[in-house]
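Listed below, chain by chain, are the residues.
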Amino acid sequence: MSEIFENVKTIRARIADAAEKSGRRAEDIVLVAATKMNDADRVREAIAAGIDVSGENRVQELLDKYEQNAYDGAPLHFIGNLQTNKVKYLIGKVALIQSVDSIKLAREIGRLAVKAGIVQDILIEINIGGEESKGGIPPHELDAFIEEVSKIEGIFVRGLMTIPPILGADNKNIAYFEKMHKLFIDISTKKYDNIIMDFLSMGMSDDYYDAILHGANMVRVGTGIFGRRNYV
Ligand SMILES: *Cc1c(COP(=O)(O)O)cnc(C)c1O
C-alpha cells in the first residue's frame, strides 16, 4: 500500500475513535484533505484512498489542478485566505468556501452566485485566538456578522471554521476548540434566514483528534495524509 493510503487508513481509525468517544459515529466526521503543494496525481491518490473532500487554499493552484481533473470523485472546498477579486474563479467549482471573514467578501460571493444561478455554501471563519496575523472575525463580532450575512442573497451559511494558534506544549488549543463549540451551539439555537449550523471545521494534522473530542465534525488534514510539504 502507498504511503497516502496507509496514512488515510490510520487517520480514519483515529477519527472513528475520537467520534465514538464523543458520542458520534465515524461517518459523522468529514475528512478534508488539505492538498496544498501536492500535485494532481497525489490528490487523485488521496481521493482513491477515501478522503471525503479536497481542500485547496490558493486560487491559482486550485485552477491548475482543476484543469487536470485532479479533484474528480470528491467535492472541493476552498479553505484559504480569499481576496474579493478572485471569487469569480471559484464560483461553480467549489462546494464550500470555508474562509469567509468579511461582509464585503460575502457580498461578492452572493453577487456572483446569483449571477451564476446557484446558492454558494460558505463557512464563517473565526479568529478564535485573537491573532493579528490571521484572518477570521473576532468571536465578539459574530452575532452582528451573522445578522448582516443572513440578509445576503446567493449564499447559505453552513457553519464555522477556525485555525487556532500553533499548538503550544500545554495543549492549550483545547480551550479554543471549546470556545468554538460554544459559539457553534449558541448560534444553532437561534433562528436566522440562510443559516444552518451543520459544520464545525477545526483540527489539523497535530490536533484533529482533540478537535473532534471537543465538537469538530469537519477536520482539515494535510501533512498527516501527504507527509511534510517541501516548500521551495
Ligand atoms: C494546510 C492547511 C491545513 C492542514 O495543515 P496540516 O498541519 O498540514 O495538517 C488545514 N487548514 C488550512 C486552512 C490549511 O491551509
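The following refers to the structure shown. This one's a predicted model, so the numbers in the text were calculated from it and none came from an experiment. (Residues numbered from 1 in each chain as written. Predicted model: local features only at pLDDT ≥ 70, side-chain atom pairs only at ≥ 80, totals over all residues. Heavy atoms only, no water.)

A tally of regular secondary structure across the protein chain gives nine helices and eight strands. Viewed in the frame of its principal axes, the protein chain has a C-alpha envelope of about 50 × 40 × 35 Å. Looking at the protein chain residue by residue over its 232 residues, the buried ones come to 49%. Across the protein chain, the fraction of contacts at a sequence separation of at least 24, relative to all contacts at a separation of at least 6, is 61%. For the protein chain, the accessible surface area stands at approximately 11300 Å², while carbon and sulfur atoms represent 49% of it. Both charge centroids of the protein chain, one from 29 positive and one from 34 negative side chains, sit 2 Å from each other. (Helix = DSSP H or I, 4+ residues; strand = E, 2+ residues; numbered from the N terminus. Buried < 20%, exposed > 50% of the residue type's maximum accessible area, 1.4 Å probe, protein only. Contact = heavy atoms within 4.5 Å. Areas by Shrake-Rupley, 256 points an atom, 1.4 Å probe, with all protein chains shown as cover. Lys, Arg positive; Asp, Glu negative; His and termini not counted. Charge placed at Lys NZ, Arg CZ, Asp CG, Glu CD.)

Here we take up the packing of aromatic side chains. Per the counting criterion, the structure on display carries one aromatic pair. Directly above the aromatic system of Tyr 66 lies the positively charged group of Lys 93, at a separation of 5.4 Å from the ring centroid. (Phe/Tyr/Trp six-rings, centres within 6.5 Å; stacked < 30°, edge-to-face > 60°. Lys NZ or Arg CZ within 6 Å of the ring centre and 35° of its normal.)

Another point: helix α5 (residues 103-116). Look at α5: 20 Å from first C-alpha to last across 14 residues, which is about the 20 Å you get at 1.5 Å a residue. Burial in α5 covers these residues: Ile 103, Leu 105, Ala 106, Glu 108, Ile 109, Gly 110, Leu 112 and Ala 113. On its buried face, α5 sits against α4 (87-90), β4 (96-100), β5 (120-126), α6 (142-149) and β6 (155-162). In the segment just after α5, Gly 117 is the residue with positive phi, at about 75°. (Expected span 1.5 Å × (residues − 1).)

Counting residues in hydrophobic clusters, the biggest one holds 68 residues, and the most contacted among them are Ile 109, Ile 124, Ile 126, Leu 142, Val 149, Leu 160 and Ile 225. Among the nonpolar cores identified, the runner-up in size contains seven residues, and Val 53, Leu 96, Met 161 and Met 218 belong to it. (Core = buried A, V, L, I, M, F, W, Y, C linked by side-chain atoms within 4.5 Å.)

A few words on the side chain of Ser 54. On the secondary structure map, Ser 54 appears in strand β2 (residues 53-56). Under the relative-accessibility criterion, Ser 54 is labelled buried at 0%. Residues in contact with Ser 54, not counting those within four places in the same chain, are Val 32, Ala 33, Thr 35, Val 43, Ile 47, Tyr 71, Pro 75, Leu 76 and His 77.

Turning to its location among the elements, Lys 115 is positioned in helix α5. Once the C-alpha coordinates of Lys 115 and Gln 83 are considered, the two residues, 32 residues apart in sequence, prove to be 19 Å apart.

Okay, the site of the ligand next. Neighbouring residues of the ligand: Ala 34, Lys 36, Asn 57, Ile 79, Ile 163, Met 204, Ser 205, Arg 220, Val 221, Gly 222, Thr 223 and Arg 229. One nitrogen or oxygen atom from the side chain of Ser 205 is found 2.4 Å from an oxygen atom belonging to the ligand. Contact between the ligand and Arg 220: a nitrogen atom at 2.9 Å from a side-chain N or O atom of the residue. Within the complex, 88% of the 390 Å² of free accessible area of the ligand lies under protein. When the residues that make up the shell around the ligand are grouped by side-chain class, the tally is five nonpolar, four polar and three charged. (Near = heavy atom within 4 Å. Polar contact = N/O pair within 3.5 Å; in protein donor to acceptor, adjacent residues only side chain to side chain. Nonpolar A, V, L, I, M, F, W, Y, C, P; charged D, E, K, R; others polar.)

On to the environment of His 140. Here His 140 shows up in the loop between β5 and α6. Spatially, the C-alpha atom of His 140 lies 9.8 Å from that of Ile 128, the residues being 12 residues apart in sequence.

This part is about the pattern of salt bridges. Scanning all chains against the criterion turns up 16 salt bridges. Notably, a salt bridge pairs Asp 52 with Arg 12, separated by 3.1 Å at the nearest N-O pair. Remark: Arg 12 occurs in helix α1 (residues 3-21) and Asp 52 occurs in the loop between α2 (40-49) and β2; sequence separation between them is 40 residues. A relative accessible area of 25% places Arg 12 in the partly exposed class. Of the charged contacts, one joins Glu 27 and Arg 25 as a salt bridge, the two residues approaching to 3.7 Å between their closest N and O atoms. Both residues of the pair, Glu 27 and Arg 25, count as exposed. Shared partners join several salt bridges into a network, and the residues in it are Glu 56, Arg 58, Glu 61 and Lys 65. (Salt bridge = Lys/Arg side-chain N within 4 Å of Asp/Glu carboxyl O.)

The subject of this paragraph is unusual backbone geometry. With phi around 55°, Asn 69 is a residue other than glycine that occupies positive phi space. Within the fold, Asn 69 resides in the loop between α3 (59-67) and β3 (76-78). We note that Asn 194 has phi near 65°; this positive angle belongs to a residue other than glycine. Considering the arrangement of structural elements, one finds Asn 194 in the loop between α7 (173-188) and β7 (195-201).

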